[in-house]
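# Summary of the model geometry
Listed here are the chains, written in short residue letters.
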Amino acid sequence: MASNHSLNSRIIILECLVLVLSICLISSLYGISDPHLNLDYYKSTCPSVLEIVRKEMECACLSDPRNAALILRLHFHDCFVQGCDGSVLLEDTVTLQGEKKAANNKNALKGFRIIDRIKNRLESECPEVVSCADILTIAARDAVLLVGGPYWDVPLGRKDSIEAGYALADINLPTADEGLLSIISKFISQGLSVTDMVALSGSHTIGKARCVNFKKRIYGDFPMTTSLNPISQSYLKNLKSLCPPIGTESDNNETDMDYVTPNLFDNSYYHVLLRGEGLINSDQQLYSSFLGIQTKKLVEKYAADPIAFFEQFAESMVKLGNITNPKTYVNGEVRKTCRFVNT
Ligand code: HEM
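Residues numbered from 1 in each chain as written. Predicted model: local features only at pLDDT ≥ 70, side-chain atom pairs only at ≥ 80, totals over all residues. Heavy atoms only, no water.

### Focus: the packing of aromatic side chains
For the structure on display, the rule yields 16 aromatic pairs. Pairing Phe 265 with Phe 309 gives two aromatic rings, centres 5.8 Å apart and planes at 5 degrees, and the pair type is stacked. Within this pair, whereas Phe 265 is found in the loop between strand 2 (254-256) and helix 12 (268-274), its partner Phe 309 is found in helix 15 (residues 306-321), the two being separated by 44 residues in sequence. Each member of the pair, Phe 265 as well as Phe 309, carries the same accessibility label: buried. By way of ring pairs, the aromatic residues Trp 152, Phe 265, Tyr 269, Tyr 270, Tyr 302, Phe 309, Phe 310 and Phe 313 are connected into one cluster. (Phe/Tyr/Trp six-rings, centres within 6.5 Å; stacked < 30°, edge-to-face > 60°. Helix = DSSP H or I, 4+ residues; strand = E, 2+ residues; numbered from the N terminus. Buried < 20%, exposed > 50% of the residue type's maximum accessible area, 1.4 Å probe, protein only.)

Laid out in structure tokens, this is it:
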């Protein structure tokens, strides 16, 4: 018992050290308020860009609201790997290893065809003008808005990368079973705060997760974080029948992350956390981890005040979208097709 306790303390000290170190190492590589970006970037070169993206996103979200979640996640996974540069969209070729098959992305990213459609329309309207990174950033804003979330203005002018970050995708992207402090340090090293992290996690008010990402939780501490009232008991029972404990056949089975209003961008996700019913471990930690004093307060705030959540979410999305790598402005380009660099 005593040795368990001292092991736990050592792990906590180690996690704190990692956090402090990464705060010190906040990368100067990525700029959070990028002077290259502005609201009028395509005013003379492609004035209809916002309208075209909005129309395509309307069609996509009308045909299936899940598409909003797919695009929002794509944007996040783009920006956390060498900045928002469309690198996540690149396919493998003989000379380039894309990010799609990195462990954190494999079987987990969809929505590429929606981006292809938008790009095609833009190429016929204003050829070789609008970058894929900008398309993804605008599409993510529209996705949120179209399923009931807040609006924000999107600064534009990103360039597309000519390389991808296969290894970085596994280093930079947070995972469902990662410790709270380690996740916080990943956000901080991108120039995002704990508040940004808790607000942006509110994205999980839409979309789905696969069994492989919450199996440990439902056969682990789920009963400890809930009060196990009849509703959460039957929720847990359903989750267990979707994801049996043995075997891997069910790993890709999916369920809604916010089972109350899965297709609506609202603050219901935070209420789910207050009840201890967060589907993935990283989400529930925000409220239940004894290391998460600040995160718990923020969860309570956004559960109580949907307007505060929307305002912070919009602000944090602008910060996320402004993560750029200065190198991309030197050697980047506007791709003709989002899946391949120009030849
Ligand atoms: C805080 C750290 C985060 C972790 C650990 C995390 C992890 C995950 C995991 C494990 C899934 C389920 C994927 C699957 O099973 O295929 C997921 C889905 C999702 N995530 Fe996150 N995420 C985080 C932050 C974010 C942020 C910042 C955004 C957006 C700004 C975001 C947007 C989404 C969306 C929209 C989905 C649903 C995708 C779909 O329906 O396919 N996540 N996330």
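Still more to cover.
### Details of the state of the cysteines
Scanning all chains against the criterion turns up four disulfides. The disulfide partner of Cys 46 is Cys 126, and the gap between their sulfur atoms is 1.8 Å. Of this pair, Cys 46 sits in the loop between helix 1 (2-24) and helix 2 (49-63) while Cys 126 sits in the loop between helix 4 (112-125) and helix 5 (132-146); the two residues are 80 residues apart in sequence, bridging distant segments of the chain. Here Cys 46 matches Cys 126 in class, with each residue buried. Each disulfide of the protein joins two cysteines, and with those cysteines numbered along the sequence the arrangement is 1-4, 2-3, 5-8, 6-7. (Disulfide = S-S within 2.5 Å.)

### Some remarks on the site of the ligand
Taken together, 25 residues surround the ligand, and among them Arg 66, His 204, Lys 208, Arg 210 and Asn 213 come closest. Within the side chain of Arg 66, one N or O atom sits 2.7 Å away from an oxygen atom of the ligand. Separating an oxygen atom of the ligand from a backbone N or O atom of Lys 208 is a distance of 2.8 Å. Of the pockets mapped on this structure, the ligand occupies the largest pocket. (Near = heavy atom within 4 Å. Polar contact = N/O pair within 3.5 Å; in protein donor to acceptor, adjacent residues only side chain to side chain. 1 Å grid on protein atoms, 1.4 Å probe; cavity = no way out; pocket = protein on both sides within 12 Å on 5 of 7 lines; lining within 4 Å. Sits in = over half its atoms within 2 Å of the grid points.)

### Points about the domain arrangement of the protein
Per the domain assignment, the segments of the protein are domain 1 (49-173 + 317-331) and domain 2 (202-316). With centres defined by C-alpha atoms, the gap from domain 1 to domain 2 works out at 25 Å. Counting residues at the interface gives 20 residues for domain 1 and 15 residues for domain 2. Across the domain 1-domain 2 interface, the total number found is two salt bridges. (Domains from an automatic or database assignment. Contact = heavy atoms within 4.5 Å. Salt bridge = Lys/Arg side-chain N within 4 Å of Asp/Glu carboxyl O.)

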